[in-house]
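# Reading the structure
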Amino acid sequence: MAEQLRPLIAGNWKMNGLKPSLAELDAMIAGAGNVTADLLVCPPAILIAAAAARASGTRVAIGGQDCHADASGAHTGDVSAEMLTDAGASAVILGHSERRTDHGETDAIVRAKAQAAWRAGLTAVVCIGETQAERDSGKAKDVVGRQLAGSVPDGAAATNLVIAYEPVWAIGTGRTPTNPEIEEIHGFIRSKLDQNLKEHGARVRILYGGSVKPSNAAEILKLRAVNGALVGGASLKASDFLAIAAACS
Ligand code: PGA
């Protein structure tokens, strides 16, 4: 049985937010004092430096949503892990299903990006999850197991890795798996982490992501197998994000 880990509530702003949106971050920082969970906010890359300056010295950490595997070079439009660190980020989301779909990111690419994240001193938040068709055909565990094995490099530990289980069909749809469905996949991921990472496996946090909102957060976050949440739409408003974080306690 895994020990109780300190929950992490991570917000993925995706391609949302302009400079005025940093007022929401300010409100999150102001409300973070009452929260026991770790908080991570991942704004668009162009806002990271400003966000990190505001969050410096507070309980809110700032992360990126992607990085290139190389440290620098001729990759127009890309952002390296070193650039994220330089801008003040401490973590990066990798292998989000939108990147896997929109940008054809394979497990091997995600794995290379995770290595880049570690090279730059960032925690890799590696996303995995099945599509509706994969779940319907009984392949959810196969897919998640394959993504986990292919996307996480050797050398993973609780200090450099977070796993986010995000069923693709639950992202932005308002639909969520049942509690037993979440527990089944989280338990499966935990058993694989235990196998692959030995004593480190029990301490890597496994977040649930996909349509987490204030109204369902308590029910999901009370599950022992769930060590926090990766929140998309509901992370754009400080009141929603803080309400989700408060549901951890
Ligand atoms: P959602 O997105 O909370 O809007 O469903 C979650 C995610 O994609 O990380």
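Residues numbered from 1 in each chain as written. Predicted model: local features only at pLDDT ≥ 70, side-chain atom pairs only at ≥ 80, totals over all residues. Heavy atoms only, no water.

The next subject is the environment of aspartate 38. Here aspartate 38 shows up in strand β2 (residues 38–42). Each C-alpha atom, one on aspartate 38 and one on alanine 133, is 34 Å from the other, the two residues being 95 residues apart in sequence. Ignoring any residue separated from it by four or fewer positions in sequence, one finds aspartate 38 in contact with Arg6, Pro7, Leu8, Ile9, Arg59 and Arg205. Looking at aspartate 38, its side chain comes within polar contact range of the side chain of arginine 6, at 3.3 Å. (Helix = DSSP H or I, 4+ residues; strand = E, 2+ residues; numbered from the N terminus. Contact = heavy atoms within 4.5 Å. Polar contact = N/O pair within 3.5 Å; in protein donor to acceptor, adjacent residues only side chain to side chain.)

Time to look at the sheet that holds strand β1 (residues 8–12). Spatially, β1-β2-β3-β4-β5-β6-β7-β8 is the arrangement adopted by the eight strands of the closed barrel, whose pairing is parallel. Strand after strand, the sheet turns through a mean of 25 degrees between neighbouring axes, direction not considered. Pairing of strand β4 (residues 91–94) with strand β5 (residues 123–128) involves four bridges; the strand directions are parallel. Within β5, the position partnered with leucine 94 by the bridge is valine 126. Contacts from helix α5 (residues 107–119) reach β4 and β5, with the element oriented near 180 degrees to β4. (Pairing = 2+ DSSP bridges. Axes fitted to C-alpha atoms, helices over the stretch in contact; angles between N-to-C directions.)

In the vicinity of the ligand there are 13 residues, among which Lys14, His96, Glu166, Gly172 and Ser211 approach most closely. Between the ligand and glutamate 166, the relevant distance is 2.7 Å, taken from an oxygen atom to a side-chain nitrogen or oxygen of the residue. When isolated, the ligand has an accessible area of 280 Å², and the protein chains bury 94% of it. The residue makeup of the shell around the ligand, split by class, is four nonpolar, seven polar and two charged. (Near = heavy atom within 4 Å. Areas by Shrake-Rupley, 256 points an atom, 1.4 Å probe, with all protein chains shown as cover. Nonpolar A, V, L, I, M, F, W, Y, C, P; charged D, E, K, R; others polar.)

Before going further, it helps to spend a moment on the side chain of asparagine 216. As for its placement among the helices and strands, asparagine 216 is situated in helix α9 (residues 214–221). A polar contact of 2.8 Å, which involves the side chain of asparagine 216, links it to the backbone oxygen of serine 211.

Tallying each qualifying case throughout the model produces 14 salt bridges. Aspartate 38 is the partner of arginine 6 in a salt bridge, and the nearest nitrogen-oxygen pair spans 3.3 Å. Of this pair, arginine 6 sits in the segment before β1 while aspartate 38 sits in strand β2; the two residues are 32 residues apart in sequence, bridging distant segments of the chain. Note on aspartate 38: relative accessible area 23%, which makes it partly exposed. In this structure, aspartate 66 and arginine 99 form a salt bridge, with 3.2 Å as the shortest nitrogen-oxygen distance. (Salt bridge = Lys/Arg side-chain N within 4 Å of Asp/Glu carboxyl O. Buried < 20%, exposed > 50% of the residue type's maximum accessible area, 1.4 Å probe, protein only.)

Our focus in this paragraph is helix α7 (residues 140–151). Compared with the 16 Å implied by 1.5 Å per residue over twelve residues, the 16 Å span of α7 between its first and last C-alpha is a close match. Where α7 is concerned, the buried positions are Ala140, Val143, Val144, Gly145, Gln147, Leu148 and Ser151. Here the buried face of α7 lies against α4 (97–102), α5, β5, α6 (132–136), β6 (161–165) and α8 (179–197). (Expected span 1.5 Å × (residues − 1).)

With that settled, consider the side chain of serine 80. Mapped onto the elements of the fold, serine 80 is located in the loop between β3 (60–64) and α3 (81–87). Given a relative accessible area of 3%, serine 80 falls into the buried group. Sequence-distant contacts of serine 80, defined by excluding residues within four places in its chain, comprise Cys67, His68, Asp70 and Ala71.

Moving on: the state of the cysteines. The full count for this structure, using the stated rule, is zero disulfides. Of all cysteine sulfurs in the structure, the one in cysteine 127 sits closest to cysteine 42, which takes part in no disulfide; the separation is 9.3 Å. The class for cysteine 42 is buried, based on a relative accessible area of 0%. Not engaged in a disulfide, the cysteine cysteine 67 finds its nearest cysteine sulfur in cysteine 42; these two sulfurs lie 12 Å apart. (Disulfide = S-S within 2.5 Å.)

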